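What follows is each chain in one-letter form.
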Amino acid sequence: MQIGENTPAFQKRPRVAFLLLGMLFAAAAAARAQVSLEVLVLDQSTGRPVAGAPVGLQNAETGTNATATTSDLGKVRFTSLSTSGRYVVSVAETAGYYELKSDPVTLRSNFARSVTLSLAPRAQVTSEVAVTPGHSVAQINTVNAEVSASLPETELRALPVEGRDITRSLYRLPNVVQATGFYPEAPNVSINGANSLYSNYTLDGLDNNENFLGGQKFAVPLGFAQEVTALTNNYSTEFGRTANGVINVTTKSGGNAFHGELFYLTRPGPAIDASSAFAQRDLSGNQVKDGFQRQQGGGAIGGPILRDRTFFFVNAEYTRDTKDNLLNSPELGVNETVRGHNAFPYYSGRVDQRWTESFATAFRGNVGSVTIERQGGGLDGGVGFPSAGNFQDRDSALVAASTTYVARTFTSETNLQYGRFRWNYGRARNPTSPQVTVLDPREQAVAVLGNPGYVFDDLENTFQAQQKFAVTRGPHYVRAGVEILSSEFSLLGGGNVHGNYTVKLTDAQLAAVRALNRGTALSVTDIPGDAEVLSYNVELQPKSFGARQTITSAYADDQWSVGPRLTVNAGLRYDYDSLSRGGSDRGDTNNLAPRLSANYQIDDRSVVRGGFGVFYDKILYAIYSDALQQNSISNGFRGQINTLIGLGILPRSTDLDRIFFDGNVSASLRSGVSYLQGPSGADLRGQRESIISNDLRILNPNGYKNPWSEQFALGYQRQLSSAFAASLDLIYIRSHDLFRLRDLNAPAPYPINPDNVVVRTPAEADATRPAGVVAGGGRNIVVTESAGRARYQAATLTVLSNPGTQPYAFRFSYTLSSLKNETEDINFRAADSNDFAEEYGPSINDRTNVVNAVVSVFPLRGLTVSLAALFQSGQPINRIPDARIYGTTDLNGDGRSFGDAYVGNSDRNPGDSRNDDRLPWSELFDIGIRYQIPIGAGYVELAADVFNLFNHVNLSGYSNNATQSNQIQVGPTAGGIVEKNAGSPRQFQFGVRFAF
């Protein structure tokens, strides 16, 4: 993926967001998330099902009041329920049993919740008899074998969460860890140790992915989240487009009572934080250091428009970061702090409308407008001046509508959503300027001026339509649905159309520029016109290009109550991804995903569950886009491809018209150019036939297979008491057809003898390339293939309490796991000549042991103290050659080294395999303190959070970028570890909130 500058983008003014939300509210429909609730009624004395019991369901917050009678299996199912409010399940007193009510139950989108009521029989004798109360069980899952974990709003608010960013809470859940990614903004959590790009993000069950690379389209803030859930294994056929896992957020809604909040949150920064020699990361994943501060504010309100009928909820939150860089150019007399800012405004709204007991509609709208400033300078000093500064924009909008119809045994649900995402990675402060890199007489850089030097402006418009049906027939609950997710992409990318200059100044010229005393305001026009131009580069193909990706899906499953204690779920899902055609005339059409699971209720407090399923991934659009952007139609490149076909490296059936594209290309001149007088791209277009590109790509002539996995799970859950529940899950996942890069023009293999290292030169390697290196062609001719494999195995123990039942609350999980793979990312290449078998080893996100514990205590009325502890085995280390010993890190001469970026490209230290060493364990203690002071009908909450309470230096286990991490070390294991990065030191966050 190429990432760079840009043209003016989406204007980010709050009033635009409010206007859009207002228009959407006027439209009056969407985002209701429907779920079902299954109730099992048992006789406490015999454990047998109770038939004909009258079961009531009440939700005072929405006015819901439903009744039903248990079947011969003792079961009742309430379908198509709103996620708003809390439900109480009850059985009225009868001639045979005492009355019983459950604790309040909250529901999440796209999930079947279960409650077991164990009734106490009435005494047959009227004299004094001791009555044993019945009890309810709501924490164990008795209806399916889904392996998942959730954080409801109450826990989210008690946890110490940085910046109200709910993704910073996800690693408190089992099988979820903070991720090492391959670019700063990569999603920050990994499920089951896999690449964080492969997780699927949903909002009320609807798509919330930016589909170019992955991660959230709209970053849901804490104030709009009712519950966040990580589905890690064996989930329903209703969820698809991932072979990894799903992060689903259930949004808030209004009720019959008005409720809301106003808040202010601050991270004061270095004034009180512990010091660290290492840079930290802001909420976007970019590095920050000196002067960093965060200020946040916002509010929310929800309530009735019409009691029991129409409800609304709106939320607005704004975050502003302040950060300092150092601009340090002694040769130009500049040593100044350059201040920058980040802005994160998010606006959300939801309306729920119940027309009748059978018919409901709803609406949800979300707008985000993120700006990340690159103001110049660097964390520890740099020569980028503000004129070359730029901004990263991430603008998102979602509009969703749903309509639900419920009959006695039939439910219909229709969902529609439109999503827009614009990712302008480098919006230039001076978009019409060239970039100028200024060198002193020693050819050391003293300034970068004018422009970031590249363009990357991606626009994605996505439409999603779902139609779901559910039918109850005796013991069978059959669900089926169809879905279309269609995204239109447009990317403006490549180099700078205004040119990039590298100039060398004489001592006299340097002194003249210094004498101008322009300071940080230095610009390209301040450089002498007679400066020597060492090189000039300009984009030849300034163009916007893209494609449409349409994923068509269908599913059906049957939840069969074989008996009162045994439930079997059998389903089948099918997905077709239009991008799978690649450079072929047909796509991957055989993506049938069967899923089978069983849940057996041993008694009213424990279940055993297990299942098997096949899960398919979508194709990340970046795979297709890179094959277009880095493609060429030059004669030299065509000749190389014909050579590869003739050699049988590419199939003889290859359709050349399908694999080629006229992509971006830049021309370079090293002489004959006057400063700021370089020729335009149009003037140099003929150079396309003479340029030798290091990397060129084609669309795969065989198309792309969708990666897929076989997932096995076996688990046991037990309600230890009304207050505590525990579970043990065993998971095994076999993944196939994972994406990786194959070099069709790779040089001959060159194994390294660790006892006698002989370096092969690039010229020697080029001489063995099958299609050679020719003018207009590529040294490496790269294609994405679906051929990688991975194996994951894990055992997870979880114990948690039922909030509100004790003077404390806790959740504990321990995961013992292993993930090995032979490809790490969509841009992963084998170190030596496509030998992926030698790459099989631990994943970059693999941890052997993860221990997670959160304990909340309530020592005084209104006071909550939450301590969160996290212990993890160290992540793997990949060891690369020491250039001081061998003269280079590119031992086999293929031209790829660590400097390119770590996605498997670099050679390994002789004698070491990929990721065969480990960093030390990490440990983290965070504490959150909340104190509520009643005021009228509400309260004021004072909050203080301390992250990394004991200021431990963690070398792994935190969200990171691989190229900056400690997971890349030079030389053999005996050389130890060079600490290049570390997790955050002790940091503080304070807030005040008024809630009612």
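Reading the values: rules and limits
Residues numbered from 1 in each chain as written. Predicted model: local features only at pLDDT ≥ 70, side-chain atom pairs only at ≥ 80, totals over all residues. Heavy atoms only, no water. Patch = residues over 30% accessible without salt bridge, like charges linked within 9 Å, V, L, I, M, F, W, Y side chains within 5 Å. Areas by Shrake-Rupley, 256 points an atom, 1.4 Å probe, with all protein chains shown as cover. Salt bridge = Lys/Arg side-chain N within 4 Å of Asp/Glu carboxyl O. Helix = DSSP H or I, 4+ residues; strand = E, 2+ residues; numbered from the N terminus. Pairing = 2+ DSSP bridges. pLDDT = per-residue confidence, 0-100. Contact = heavy atoms within 4.5 Å. Buried < 20%, exposed > 50% of the residue type's maximum accessible area, 1.4 Å probe, protein only. Phe/Tyr/Trp six-rings, centres within 6.5 Å; stacked < 30°, edge-to-face > 60°. Lys NZ or Arg CZ within 6 Å of the ring centre and 35° of its normal.

> So what about a nonpolar patch on the surface? Which residues, and what values?
On the surface, a nonpolar cluster with roughly 950 Å² of combined accessible area is contributed by Phe 258, Leu 262, Tyr 264, Ile 301, Tyr 931, Ile 933, Ile 935, Leu 942, Val 992, Phe 994 and Phe 996. When contributions to the nonpolar patch are tallied by element, the ones reaching two or more residues are β17 (259-267), β48 (922-935) and β52 (987-995). Looking at which element gives the most residues to the nonpolar patch, the answer is β48, with three residues. By secondary structure assignment, the location of Val 992 is in strand β52.

> Give a detailed account of the sheet that holds strand β47 (residues 917-918), specifying residues and quantitative values.
The strand order across the open sheet built from three strands is β47-β46-β51, with neighbouring strands paired in mixed fashion. Among the strands making up the open sheet, the edge pair consists of β47 and β51 (968-970).

> Help me get a handle on the confidence of the model for the protein, residues and values and all.
Mean pLDDT over the protein works out to 91, with 94% of the residues at or above the 70 mark. Across residues 1-33, confidence stays below pLDDT 50; counting only partners more than four residues off in sequence or on other chains, it has 122 contacts. A low-confidence stretch, residues 124-131 stays under pLDDT 50, and its non-local contacts, those more than four residues away or across chains, total two contacts.

> Could you give me a rundown of helix α4 (residues 621-629), with the residues and numbers involved?
For the α-helix, the turn length of 3.6 residues means that residues three or four positions removed from each other point alike. Extensive coverage of α4 is indicated by the burial of nine of its nine residues. Restricting attention to buried positions, one finds in α4 the residues Tyr 621, Ala 622, Ile 623, Tyr 624, Ser 625, Asp 626, Ala 627, Leu 628 and Gln 629.

> Requested: an account of the pattern of salt bridges, with residues and values cited.
Applying the stated criterion across every chain yields a total of 60 salt bridges. The salt bridge partner of Glu 155 is Arg 811, with a shortest N-O separation of 2.9 Å. With Glu 155 in helix α2 (residues 153-158) and Arg 811 in strand β42 (residues 808-821), this pair connects stretches of sequence that are 656 residues apart. One salt bridge connects Asp 575 with Arg 573, and the closest N-O pair in it is separated by 3.0 Å. Note on Arg 573: relative accessible area 1%, which makes it buried. Taken together, the shared-partner salt bridges connect Glu 153, Arg 157, Arg 164, Lys 252, Glu 261, Glu 317, Glu 941 and Arg 993 into one network.

> Which residues make up the pairing of strand β15 (residues 225-233), and what values do they have?
Within β15, nine of the nine residues are buried, which leaves the element mostly enclosed by the surrounding structure. Inspection of the sheet shows strand β9 (residues 147-152) paired to β15 by six bridges, in the antiparallel sense. The partner of Ala 149 across the bridge, within β15, is Ala 230. As paired strands, β15 and strand β16 (residues 246-251) are joined by six bridges and run antiparallel to one another. Looking at the pairing, Thr 229 lines up with Asn 248 of β16.

> Please provide a residue-by-residue account of the packing of aromatic side chains, values included.
One pass over the structure, following the stated rule, counts 30 aromatic pairs. Taking the centre distance of 5.5 Å and the plane angle of 80° together, the rings of Trp 423 and Phe 456 count as edge-to-face. Here Phe 456 lies in strand β28 (residues 454-473) and Trp 423 lies in strand β25 (residues 410-428), a separation of 33 residues in the sequence. Residue class for Phe 456 comes out buried when judged on its relative accessible area of 0%. With 4.9 Å between their ring centres and 45° between their planes, Phe 612 and Phe 712 make a pair best called tilted. Of the two residues, Phe 612 sits in strand β36 (residues 606-616) while Phe 712 sits in strand β39 (residues 708-719), which places them 100 residues apart along the sequence. Feature note: the residues Tyr 183, Phe 212, Trp 423, Tyr 425, Phe 456, Phe 489, Tyr 621 and Tyr 624 constitute an aromatic cluster, connected by ring pairs. Over the ring of Phe 111 we find Arg 108, and its NZ or CZ is 3.9 Å from the ring centre.

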